[in-house]
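The primary structure of each chain is shown beneath.
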Amino acid sequence: MRDGGLAIGVASHHATRIEFCLFDETGDKEVQRVPLKADGNGLHAAFIPGIKPGARYGLRAEGPWAPELGHRFDPAKLLVDPYATQLDRPYAYHPQLCERGRDTAGIVPKAIVQPATIPVKRAAPRTPTWIYELSVKAFTKLNPDIPERLRGTVAALAHPAALGHFKRLGVDTIELMPLAAWIDERHLHALNLSNAWGYNPITFMAPDPRLAPGGFAEIADTVRVLHEHGLQVIVDVVLNHTGESDVAGPTLAFRGLDHATYYAQAGGSLINDTGCGNTLALNHPQVTDYCLAALRHWVEATGIDGFRFDLASVMGRLPEGFSATAPLIARIEQDPVLSRYILIAEPWDVGPGGYQLGHFPKRWLEWNDRFRDDIRRFWRGDQFAANGLATRLAGSSDVFAPAKSPSRSVNFVTAHDGFTLADLTRHAAKNNLANGEGNRDGKADEVTVVGQKPAALLAALFLARGTPMLTAGDEFGRSQKGNNNAYAQDNALTWLDWNAADQKLISLVAVLVQLRAENPLLHLDAFLTGKSDGQWFDAAGKTPDWTSGGERVLGLVLSDGKKRLAILCNGSDIAIALPLAARTGMIWHRHFPDAADADLPSGEVGFFLEEKA
């Protein structure tokens, strides 16, 4: 906005004409159409007088229809400005969005002109001590203590009922699943299902009106309140694909403006390293510029503390393979603003060579699925599983040393994607029939631990070195009835049932968080040297036989020369006592689990402190 009007520029190297379409205050009636002037270098621009904040608009683009060359222009399609920062309505899937020549002005959201953003000032974030992953809607929708008008929205997170739960758990950093405006996958329309997670974005720079009806102001106000209560906020972002899907999918923005530029292609076909139908061409300067602009806007408009990047290996893909210095990653690292923020990679995608755990820049944290699987394998009783358990409890040096430190490992036993903690211990196989895909979707070989106590898995998570992450609701004992891919279940299957929450399990998590906070040896950001700082032991108190493959009891003593603590994982079938002698004048006292049993029961993790007798 300037000089009593709107200066607009749209990048498209292949469009022959782009029009600005102004709508009335309802967003339903087109009232003006203005052609933008092409500068010959891929920019189409104009100054349109009289446009004020609050005006609603869309775009139309003309150009070649040449799919073999990657061009799919269709002037019948109203397009959403990728740089829009507020929409007048959510995206809704309609078959007409996919039909060439069908006008879509009546069913596409309109961008709302916004005044210039005044950046929210925020001190540099700190490394998280632990992360609480949550879906805004699922977390708040059924909370009876939150006013109904707020449930399902970002604003609900600032309500005392939500804040009270965060404080009870001792949450340090909240990771919000995607907030950017998204659309349902087209196959869900016929199944009468809808996307519950938001990992199918269209407009990266605008929040979804369903989650943040108050726009960025609502998010900024919520972040401010959370900061006042000592909480950091990370937002999950999807920079790897868009909800326009494959070439049979809807035309909403990028496809209609310049399909050949925005999407990675080979031989005239879309590259699908994401499994979502398309992959953004993140090595193209125009696309990289867009992603950087989106990240900066989220930081400046809301004051959030960082990002978790979905399928982040896509961000590092070059024709010759993955590189941590690929254009988008390099520019984030060099950015004077973004480089100070928390950056977390989901270090894999589904394309060739897509598994890149441990290969992101030094300061990035990374989701560690090896922690998840090795913890589960020990409690399942796999051969040699004690070896993997030891490596994970000690901070995963096999992945992150020597370039990184244990805090770079985001440890998790469960996440939004996969079984819940309760289902992990109840279901031997997935049950995704409710998704309407014949149970073909979701991870088929997910490691399960039927019959295991959730407390042991939680204890292993919070007593290990690294940065723990817990998915909201796992402390409730929530179940998704064995569905390990509940992205399409925007209903009571995924919404947290606050009335049925397991209060004992919630208290147990709070105790573990407190134990971790009070004992720095548990979260010391250093790998064990194998000297006096750490000692492994078996059921007899001796060094484990790492070559036998059959160890079912594993313990670790951590020491700083003065203080000693012990962690004991009892995967055997019998209760056992801590097989360690205390130093003179000292005794070993068990602080977890808090029970009258003298011995540690089967299937439990014990935490002991050496204290004065």
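Predicted model, so just to flag it, every value in this text is computed and none were measured. (Residues numbered from 1 in each chain as written. Predicted model: local features only at pLDDT ≥ 70, side-chain atom pairs only at ≥ 80, totals over all residues. Heavy atoms only, no water.)

A. Spatial organisation of the overall build of the chain. Per the secondary structure count, the chain includes 14 helices and 28 strands. Projecting the C-alpha coordinates of the chain onto the three principal axes gives extents of approximately 85 × 50 × 45 Å. Counting the 613 residues in the chain, one finds 60% classified as buried. Counting only contacts in the chain whose residues sit at least 6 apart along the sequence, the fraction spanning at least 24 positions is 70%. A total accessible area of about 23400 Å² is found for the chain, and carbon and sulfur atoms account for 52% of it. (Helix = DSSP H or I, 4+ residues; strand = E, 2+ residues; numbered from the N terminus. Buried < 20%, exposed > 50% of the residue type's maximum accessible area, 1.4 Å probe, protein only. Contact = heavy atoms within 4.5 Å. Areas by Shrake-Rupley, 256 points an atom, 1.4 Å probe, with all protein chains shown as cover.)

B. Focus on the packing of aromatic side chains. Counted by the stated rule, this structure contains 24 aromatic pairs. Between Tyr83 and Tyr290 the ring centres are 5.1 Å apart and the planes differ by 75°, which places this aromatic pair in the edge-to-face class. Note that Tyr83 is positioned in the loop between strand 8 (71–72) and strand 9 (111–112) and Tyr290 in helix 6 (residues 285–302), a separation of 207 residues in sequence. The partly exposed category is assigned to Tyr83, whose relative accessible area is 39%. Site record: aromatic cluster; members linked through ring pairs are Trp130, Tyr132, Phe139, Phe166, Phe462, Phe476 and Trp498. Here Arg308 stacks its cationic end above the ring of Trp367, 4.0 Å away from the centre of that ring. (Phe/Tyr/Trp six-rings, centres within 6.5 Å; stacked < 30°, edge-to-face > 60°. Lys NZ or Arg CZ within 6 Å of the ring centre and 35° of its normal.)

C. Representation of the sheet that holds strand 28 (residues 604–612). An order of 24-25-26-28-27 is seen for the five strands of this open sheet, with the pairing classed as antiparallel. Only two strands of the sheet have a single partner each, and these edge strands are strand 24 (534–537) and strand 27 (586–592). If you compare each strand with its neighbour and ignore which way they point, the axes differ by 20° on average. Looking at chain direction, strand 24 and strand 25 (residues 553–559) are connected through four bridges and run antiparallel. When the sheet's bridge partners are listed, Gln535 is paired in strand 25 with Val557. Helix 9 (residues 385–393) rests against strand 24, strand 25 and strand 26 (564–570) of the sheet, and its axis sits at about 25° to strand 25. (Pairing = 2+ DSSP bridges. Axes fitted to C-alpha atoms, helices over the stretch in contact; angles between N-to-C directions.)

D. Molecular detail of the pattern of salt bridges. This structure, assessed with the given rule, holds 36 salt bridges. Across the pair Glu19 and Arg17 runs a salt bridge, and its minimum N-O distance is 2.9 Å. The residue Arg33 makes a salt bridge to Glu30 at a minimum N-O spacing of 2.7 Å. Judged by relative accessible area, Arg33 falls into the partly exposed class, the value being 41%. It is possible to trace a salt-bridge network through shared partners that takes in Arg17, Glu19, Glu30, Arg33 and Glu62. (Salt bridge = Lys/Arg side-chain N within 4 Å of Asp/Glu carboxyl O.)

E. Spotlight on the sheet that holds strand 9. If you walk across this open sheet you meet the four strands as 3-2-6-9, and the pairing is antiparallel. The two strands at the open ends of the sheet, each matched to only one other strand, are strand 3 (30–35) and strand 9.

F. Region of the structure containing the environment of Gln96. As for its placement among the helices and strands, Gln96 is situated in the loop between strand 8 and strand 9. Residue Gln96 is classed as partly exposed on the basis of its relative accessible area, which comes to 23%. Measuring from C-alpha to C-alpha, the distance between Gln96 and Lys77 comes to 9.5 Å, with 19 residues separating the pair along the chain. Excluding its chain neighbours within four sequence positions, the residues that come into contact with Gln96 are Lys77, Arg102, Thr104 and Ile107.

G. Representation of the pairing of strand 6 (residues 56–62). Counting buried positions along strand 6 gives six out of seven residues, so the element sits mostly inside the fold. Looking at chain direction, strand 2 (residues 17–23) and strand 6 are connected through seven bridges and run antiparallel. Bridge pairing in strand 6 places Leu22 opposite Tyr57.

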